[in-house]
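One letter stands for each residue in the lines below.
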Amino acid sequence: MAEQREMKEKNPWHRPVIICITVFIAMGVITLVAMAVVQNKPLHQKYKYGIVLDAGSSHTSVYIYEWPAEKENNTGMVRQTHACNVKGKGISSYAWNISYAGMSLRECMEEAKEKIPVWRHPETPVYLGATAGMRLLRMFNAAVSDQVLSSVERFLQTYPFLYQGARIISGQEEGAYGWITVNYLNGNFRKALTTMGALDLGGASTQITFVSKQEVESEENSMLFRLYGNDYHVYTHSFLCYGKDQALKLALAKQLQTGESQLRDPCFHPGYIEQKSLASSPCVPETRPHDSERTFTHTGTGNASLCQEVVKRIFNFTHCPWGRCSFNGVFQPPVEGQFGAFSAFYFVMNFLNLTSDSLEQSKLKMDHYCSTPWAEIKQRYPSVKQKYLAEYCFSGTYILTLLENGYNFTSENWKDIQFIKKIGDSDAGWTLGYMLNLTNMIPAEAPDEPPLPHGGYVAIMVLFSLFIFILFLLAYKLFGRPVCNANKQII
Ligand SMILES: O=P(O)(O)OP(=O)(O)OP(=O)(O)OC[C@H]1O[C@@H](n2cnc3c(O)ncnc32)[C@H](O)[C@@H]1O
Ligand SMILES: [Ca+2]
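What you see is a predicted model, and the numbers here were worked out from it, not measured in a lab.

## So, the site of ligand 1
Inspection of the region around ligand 1 gives 19 residues, with S57, S58, T131, D245 and Y392 positioned closest. In the environment of ligand 1, an oxygen atom lies 2.6 Å from a nitrogen or oxygen atom belonging to the side chain of S58. G203 is positioned with one of its backbone polar atoms (N or O) 2.9 Å from an oxygen atom of ligand 1. For ligand 1, the accessible surface in isolation is 630 Å², of which the surrounding protein chains cover 87%. Breaking the shell around ligand 1 down by element, the ones donating at least two residues are α8 (244-255), α10 (344-351) and α13 (386-406).

## Some points on unusual backbone geometry
Even without being a glycine, A192 presents a positive backbone phi close to 50 degrees. When you line up the elements, A192 lands in the loop between α7 (171-185) and β6 (197-201). Judged by its relative accessible area of 48%, A192 falls in the partly exposed class. Phi is positive for N328, which is not a glycine, with a value near 55 degrees. Turning to its location among the elements, N328 is positioned in the loop between α9 (304-312) and β13 (339-343).

## Overview of the pairing of strand β1 (residues 47-55)
For β1, the buried fraction is high: 7 of the 9 residues fall into the buried class. Strand direction decides the pairing type here: β1 and strand β2 (residues 60-68), joined by 9 bridges, are antiparallel. Of the residues in β2, the one forming a bridge with A55 is T60. Taking the residues that link successive antiparallel strands as the turn, the β1-β2 hairpin has 4 residues.

## Focus on the sheet that holds strand β4 (residues 125-130)
Strand order in the open sheet made by the 5 strands is β3-β2-β1-β4-β5, with mixed pairing throughout. Bordering the open sheet on either side are β3 (79-85) and β5 (162-168), each of which pairs with just one other strand. Looking at each pair of strands side by side, their axes are set apart by 15 degrees on average, direction ignored. Pairing geometry for β4 and β5, over 5 bridges, is parallel.

## A short note on the UniProt feature "binding site: ATP" (unreviewed entry) in the protein
Within the UniProt annotation, "binding site: ATP" (unreviewed entry) is assigned to G203, A204, S205, T206 and Q207. Not counting the four nearest positions on each side in its chain, A204 is found in contact with S57, A132, G133, L136, F239, L240, C241, Y242, G243 and Q246. As for its placement among the helices and strands, T206 is situated in strand β7 (residues 205-211). Other than its neighbours up to four places away in sequence, T206 contacts D200, L201, H237, S238, F239, Y242, G243, F345, L402 and Y407. Here D200 takes part through its backbone oxygen, which lies 2.7 Å from a polar atom of the side chain of T206.

## Remarks on the side chain of T131
Mapped onto the elements of the fold, T131 is located in the loop between β4 and α5 (132-140). Judged by relative accessible area, T131 falls into the buried class, the value being 5%. Those residues in contact with T131 that lie beyond four places of it in its chain are D54, A55, G56, S57, I168, I169, E174 and W430.

## Quick look at the pattern of salt bridges
In total, this model carries 17 salt bridges according to the counting rule given. R79 serves as the salt-bridge partner of D425, at 2.4 Å between the closest nitrogen and oxygen. Taken together, the positions of D425 in the loop between β15 (422-423) and β16 (426-427) and R79 in strand β3 put the pair 346 residues apart, joining distant regions of the chain. We note a salt bridge from E336 to K213, for which the minimum N-O separation is 3.1 Å. Here the residue E336 occupies a position in the loop between α9 and β13, and K213 occupies one in the loop between β7 and β8 (222-227), the gap between them amounting to 123 residues. Residue class for K213 comes out exposed when judged on its relative accessible area of 75%.

## A short note on the state of the cysteines
Tallying each qualifying case throughout the model produces 5 disulfides. Covalently, C320 is tied to C325 through a disulfide, its sulfur atoms 2.0 Å apart. Taking the sign of the torsion about the S-S bond as the criterion, the disulfide between C320 and C325, at about 85 degrees, is right-handed. The disulfide pattern of the protein is 1-2, 3-5, 4-6, 7-8, 9-10 when the bonded cysteines are numbered in sequence order.

## Examining the sheet that holds strand β10 (residues 262-265)
Picture the strands of a sheet paired through backbone hydrogen bonds; they go either parallel or antiparallel. Read from one edge of the open sheet, 3 strands run β10-β12-β11, paired in mixed fashion. With partners counted over all chains shown, the strands left at the sheet margins are β10 and β11 (273-278), one partner each. Direction aside, the axes of adjacent strands within the sheet are offset by 35 degrees on average. Two elements, β10 and strand β12 (residues 294-300), share 4 bridges in a ladder whose sense is parallel. Bridged to R264 within β12 is T299. Set on the sheet, α8 makes contact with β10, β11 and β12; between it and β10 the angle comes to about 120 degrees.

## Here's the deal with the packing of α9 against α13
For the pair α9 and α13, interaxial distance at closest approach is 9 Å and the crossing angle is 60 degrees. On the basis of the axis angle, α9 is oblique to α13. In terms of crossing hand, the pair formed by α9 and α13 is right-handed. Here α9 contributes A304, C307, Q308, V311 and K312 to the contact with α13, which in turn contributes F394, T397, Y398, T401, E404 and N405. The residue inventory of the contact of α9 with α13, partitioned by class, reads 5 nonpolar, 4 polar and 2 charged.

The rules behind each value
- Residues numbered from 1 in each chain as written.
- Chains lettered and ligands numbered in written order.
- Predicted model: local features only at pLDDT ≥ 70, side-chain atom pairs only at ≥ 80, totals over all residues.
- Heavy atoms only, no water.
- Near = heavy atom within 4 Å.
- Polar contact = N/O pair within 3.5 Å; in protein donor to acceptor, adjacent residues only side chain to side chain.
- Areas by Shrake-Rupley, 256 points an atom, 1.4 Å probe, with all protein chains shown as cover.
- Helix = DSSP H or I, 4+ residues; strand = E, 2+ residues; numbered from the N terminus.
- Buried < 20%, exposed > 50% of the residue type's maximum accessible area, 1.4 Å probe, protein only.
- Pairing = 2+ DSSP bridges.
- Axes fitted to C-alpha atoms, helices over the stretch in contact; angles between N-to-C directions.
- UniProt positions renumbered as here; feature names shortened; annotations may be inferred.
- Contact = heavy atoms within 4.5 Å.
- Salt bridge = Lys/Arg side-chain N within 4 Å of Asp/Glu carboxyl O.
- Disulfide = S-S within 2.5 Å.
- Parallel < 35°, antiparallel > 145°, perpendicular 65-115°, else oblique.
- Left-handed = near helix turned anticlockwise from the far one by under 90°.
- Nonpolar A, V, L, I, M, F, W, Y, C, P; charged D, E, K, R; others polar.

Laid out in structure tokens, this is it:
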């Protein structure tokens, strides 16, 4: 019994004071950890929004982007939350029906109003950028292109958003913003990784943009960006009239040069026959404004190698005033690194199932595809829009020729081209880069970041608190003598 009492007296856990102290320490540790968690927990996510309208030559798309409000200046935070395709053709097609240009955007803008919380509307910027279709219209008739822009401007101003302007962006901007988009979405700027080039094929123009270690001989093709503390010397060029719709017009015009009204075309399937007219375009010298439209009977013969010969004729590979050129006398350093190829590069290569083939395999597949009778193609793909379907043989051949003979990709570096539509949730294209630039969301210098991420900070707090607690207990066990015990002995 006496032994038991002695053990009880020696065992500090039986004393209320010790129990109280221990409970207080435990509560202190819990409070410390809880405070660290609460203090550093991200606040309830509040998002900000931005709207960009891509007024392309073939159609307009409305993109909504969002980013956490409190992380406005952190890169990698902006993502696309919604995309809406405007019904009908691009705004340049309203040249003779101007008042409807703005109205055509109604459905998609109403959708944007619903998707973005009402209280954010007044601070949500809206930008409209028009590309090659409007560049061509401006060349064709500058007054009319101004009126079309005014029509969309007036319409967009009727919305409760923060209207930031509607303008025709330059080919250089289009290329550069596409490059910014793909590298931003891949996190290449943030991590200071090697960047990837961007290839965009639209309806009326095409862009090539990449970082080159070699000197860019022509000033108009050279751009310097300082992003996130690093300098990027970028080569970019936009070929107006070399989008896939205008390239087809160029190819038809070349073949129709002989003045015949019958066109036997190797770029269309055997059995394909249509009455067509070559609508006027500033891209095709033979059909300058006011020329009467040329009507002809378009018959397919389906031969990919002959088609490639036709396509090659729309490029000038001989004239080059620089050290080296792509085509039409345009300077281009040798392609280097990985490339992301999007828009029609993706639509067409994806349809033809060529996104992971070698250059040689792709050519063989094109031979087979182009020679397939039109009736069989229609039967095989009943749900595909007939205009696209009829043109895939031409478009595929055009893409292979543009990449190999135009930009000088080879069998060796063909695998460096990735045909992409989206990166994460966001479409590859110039719009995101445009908005990031106009809202200053990619800083020139890397902002200071906390040395530890939130999770790491909390984990370290917890571990240290536990460590101190255990140390305290150990110290007590080894050296501690309760004060009340000593008092008892004196009495
Ligand atoms: O950049 P610009 O030249 O102004 O043109 P755009 O912005 O209107 O051009 P897109 O990238 O939207 O489309 C490029 C072309 O691809 C066509 N296209 C779109 N979807 C397609 C699909 O699924 N299959 C084949 N072609 C398609 C479209 O009609 C255009 O001719
Ligand atoms: Ca485009």
